[in-house]
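Summary of the model geometry
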Amino acid sequence: MQNPWNGKNAIITGASSGLGASFTKFLAQAGMHVVLIARRKDRLEKLQADINLKGGKASIFQVDLSIEKEREMLFVQILAEIGPIDILINNARFGWYGFFYDMKWELAKQMAEVNMQAVMHMTNLFLPAMVARKSGHIINIGSIAGALPSQGIAMYSASKAFIDAFTTSLHRELRGSGVHVSVMRLGPVKTDFYDQARELENGRSVPAEKHAISTGRVNSALRDLINHPRRVVYVPGWLAIIKYVENFFGWAVDLLGPL
């Protein structure tokens, strides 16, 4: 049978490590032309070489997605060098754990740029062509933190709540257009995401790291989502219960106070 993924162009932001690198390898192995976006060129080059060595096809672009002009230049480059994009995975993000009053403003501002504005802007840049072609899929990487605002992750929870609302609105706008927009609401995943969070100024260890799942489980969910597009998928699936926790037990979380 013909592979429906073969030759499709897929952008993965934040592709140099962690979940982004895992997505990249998985999609390349499945036959897609993967377009890697990240700041660390050395890691991008290493990943590209590994993919090409295994018979895949990868293109890399070194970009700081927190800078608007770089996002605009990236769009122009991709149009010229790659062509139409079939799948955009807005994966670039970072976390920080600690009380908001300990968070430096520059860090909070950067998180807003990467976790929210970059997602909006990348979507705004690539979506019109998808609508014109009546084909395409935008996948935003969210978190259960968006539905369960918790102590220690005020900015991160807020950014993921935004992703949930943004994706839901777009999904409803695009019904019948041939274009799909989805959000993957993830639980903790075993990557270097938590190491990076600890290394940031005033950052602390994230308790949820102890319960992290493998990137393989997320890749399986991604495969199913691409093959059967829908608005939201929880990974692991049982976390769908989280959407009810805040509504019914938020009062109990309030009583806990700072831990």
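What counts, and at which threshold
- Residues numbered from 1 in each chain as written.
- Predicted model: local features only at pLDDT ≥ 70, side-chain atom pairs only at ≥ 80, totals over all residues.
- Heavy atoms only, no water.
- Helix = DSSP H or I, 4+ residues; strand = E, 2+ residues; numbered from the N terminus.
- Rg over C-alpha atoms; globule rule 2.2 N^0.38 Å.
- Buried < 20%, exposed > 50% of the residue type's maximum accessible area, 1.4 Å probe, protein only.
- Contact = heavy atoms within 4.5 Å.
- Areas by Shrake-Rupley, 256 points an atom, 1.4 Å probe, with all protein chains shown as cover.
- Lys, Arg positive; Asp, Glu negative; His and termini not counted.
- Charge placed at Lys NZ, Arg CZ, Asp CG, Glu CD.
- Axes fitted to C-alpha atoms, helices over the stretch in contact; angles between N-to-C directions.
- Parallel < 35°, antiparallel > 145°, perpendicular 65-115°, else oblique.
- Nonpolar A, V, L, I, M, F, W, Y, C, P; charged D, E, K, R; others polar.
- Salt bridge = Lys/Arg side-chain N within 4 Å of Asp/Glu carboxyl O.

1. Examining the overall build of the protein chain
A count of helical and extended segments in the protein chain gives 8 helices and 7 strands. For 259 residues, the compact-globule estimate of 2.2 N^0.38 gives 18 Å, and the protein chain sits close to it at 18 Å. The principal-axis extents of the C-alpha atoms in the protein chain amount to approximately 55 × 40 × 30 Å. A burial count over the protein chain gives 50% of its 259 residues as buried. A separation of at least 24 residues holds for 69% of the contacts in the protein chain among residues at least 6 apart in sequence. In the structure as shown, the protein chain presents an accessible area of about 13,100 Å², 55% of it carried by carbon and sulfur atoms. Averaging the locations of the 29 positively and 22 negatively charged side chains of the protein chain gives two centres separated by 7 Å.

2. What about the packing of helix 4 (residues 105-133) against helix 5 (residues 154-173)?
Their axes nearest at 10 Å, the elements helix 4 and helix 5 cross at an angle of 10°. The orientation of helix 4 relative to helix 5 falls into the category roughly parallel. Contacts from Ala108, Met111, Ala112, Asn115, Met116, Val119, Met120 and Thr123 of helix 4 reach helix 5 at Met155, Tyr156, Ala158, Ser159, Phe162, Ile163, Phe166 and Leu170. Residues of the contact of helix 4 with helix 5, tallied by class, amount to 13 nonpolar, 3 polar and no charged.

3. Some points on the pattern of salt bridges
On inspection of all chains with the given rule, the structure shows 4 salt bridges. We note a salt bridge from Asp50 to Lys54, for which the minimum N-O separation is 3.6 Å. Take Asp50: its relative accessible area is 27%, and that puts it in the partly exposed class. Of the charged contacts, one joins Asp224 and Arg223 as a salt bridge, the two residues approaching to 3.5 Å between their closest N and O atoms. A residue is classified by how much of its surface remains accessible, and Asp224, at 33% relative accessible area, is partly exposed.

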